[in-house]
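Summary of structural features
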Amino acid sequence: HRELAYLAMRVAMDTGMRPGSLRKLKWRDISENTAIPKEERKIWININVPAEKTKTGRSYRVAAPIAKFLERIRAITKYKNSDDYIFTNQDSGKQISERIWQDSLADLLVEARLADWREDANSQTKKVVIHSGKTITWYSFRHTYITMRLSAGVPLPTVAANTDTSMKYIQDHYFHYRADESTGILGKGRKVSPADESLRWIGSC
């Protein structure tokens, strides 16, 4: 279960899926990406992301480089039929419980030295104190995915479509435009002549 939780984190980081959809993911939701060369199909797969109780409440389709993670899950799980959950409790064959999901995240944070254990006699789940003081949840992997894809130059509409959220929401919460880091994207498809002389004069204007 610890390794399944780790692999779930990797899948979440590379898909931007909401935690509820991640937990509902079944093997039948995975398909081969036939639009790319065969070698790339060993990396990129298609996912029909299950609907979650969200504003949209709909399923959607994404491409993600998680073939290696899914291959490992199939090597360790007892549940590989098309209607089985990908992240399955290996003892019961049912969905992994909320307690196991939360305990696994707590274990990860402590092992990564991002948090320390907190004693809490009234709780059945593990509790941690995060060093940064920030709240880190399973949803944080979605935030990281969106931030990293934007930083890598993926167009905002593509990131929005691949995470089933609006461009306005991403603009309001994630996107911080930096003109000096955008020359690569702005110059695509353009052939521009350089200046003939030194630009030392810029600082003296």
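Residues numbered from 1 in each chain as written. Predicted model: local features only at pLDDT ≥ 70, side-chain atom pairs only at ≥ 80, totals over all residues. Heavy atoms only, no water.

1. As for the environment of Leu114
Its location among the elements puts Leu114 in the loop between helix H4 (98–111) and strand E4 (115–118). For Leu114, a relative accessible area of 41% gives the class partly exposed. Taking the C-alpha atoms as reference, Leu114 lies 23 Å from Arg149; in sequence the two are 35 residues apart. Setting aside residues up to four positions removed in sequence, Leu114 forms contacts with Leu109, Val129, Ile130 and His131. (Helix = DSSP H or I, 4+ residues; strand = E, 2+ residues; numbered from the N terminus. Buried < 20%, exposed > 50% of the residue type's maximum accessible area, 1.4 Å probe, protein only. Contact = heavy atoms within 4.5 Å.)

2. Points about the packing of aromatic side chains
The description of two aromatic rings rests on the distance between their centres and on the angle between their planes. Applying the stated criterion across every chain, the model contains 4 aromatic pairs. On the basis of an interplanar angle of 70° and a centroid distance of 6.0 Å, the ring pair of Phe87 and Trp101 is categorised as edge-to-face. With a gap of 14 residues between them, Phe87 in the loop between helix H3 (67–76) and H4 and Trp101 in helix H4 connect regions that are remote in the sequence. Given the relative accessible area of 1%, Phe87 is considered buried. (Phe/Tyr/Trp six-rings, centres within 6.5 Å; stacked < 30°, edge-to-face > 60°.)

3. Structural notes on the nonpolar core
Nonpolar side chains in soluble globular proteins tend to end up buried together. If you look at the biggest cluster of nonpolar residues, it comprises 35 residues, and the most contacted ones within it are Met17, Leu22, Ile47, Ile66, Ile73, Phe87 and Trp138. Looking at this core, the elements with two or more residues in it are helix H1 (2–15), strand E2 (45–49), strand E3 (60–64), H3, H4 and strand E5 (127–130). In this structure Met17 touches Val11, Ala12, Leu22, Leu25, Ile47, Val49, Tyr60 and Arg142, once residues within four positions along its chain are discounted. The next biggest cluster of nonpolar side chains, apart from the first, holds 8 residues, and it includes Tyr145, Ile146, Leu156 and Tyr174. (Core = buried A, V, L, I, M, F, W, Y, C linked by side-chain atoms within 4.5 Å.)

4. With respect to the packing of H1 against H4
In contact at an axis separation of 10 Å, H1 and H4 are set at 80° when each is read in the N-to-C sense. Of the possible angle classes, the one that applies to H1 and H4 is roughly perpendicular. Counted together, Arg2, Ala5, Ala8 and Met9 of H1 and Trp101, Ser104, Leu105, Asp107, Leu108 and Glu111 of H4 form the full contact between these two elements. Here the residues of the contact of H1 with H4 sort into 6 nonpolar, 1 polar and 3 charged. (Axes fitted to C-alpha atoms, helices over the stretch in contact; angles between N-to-C directions. Parallel < 35°, antiparallel > 145°, perpendicular 65-115°, else oblique. Nonpolar A, V, L, I, M, F, W, Y, C, P; charged D, E, K, R; others polar.)

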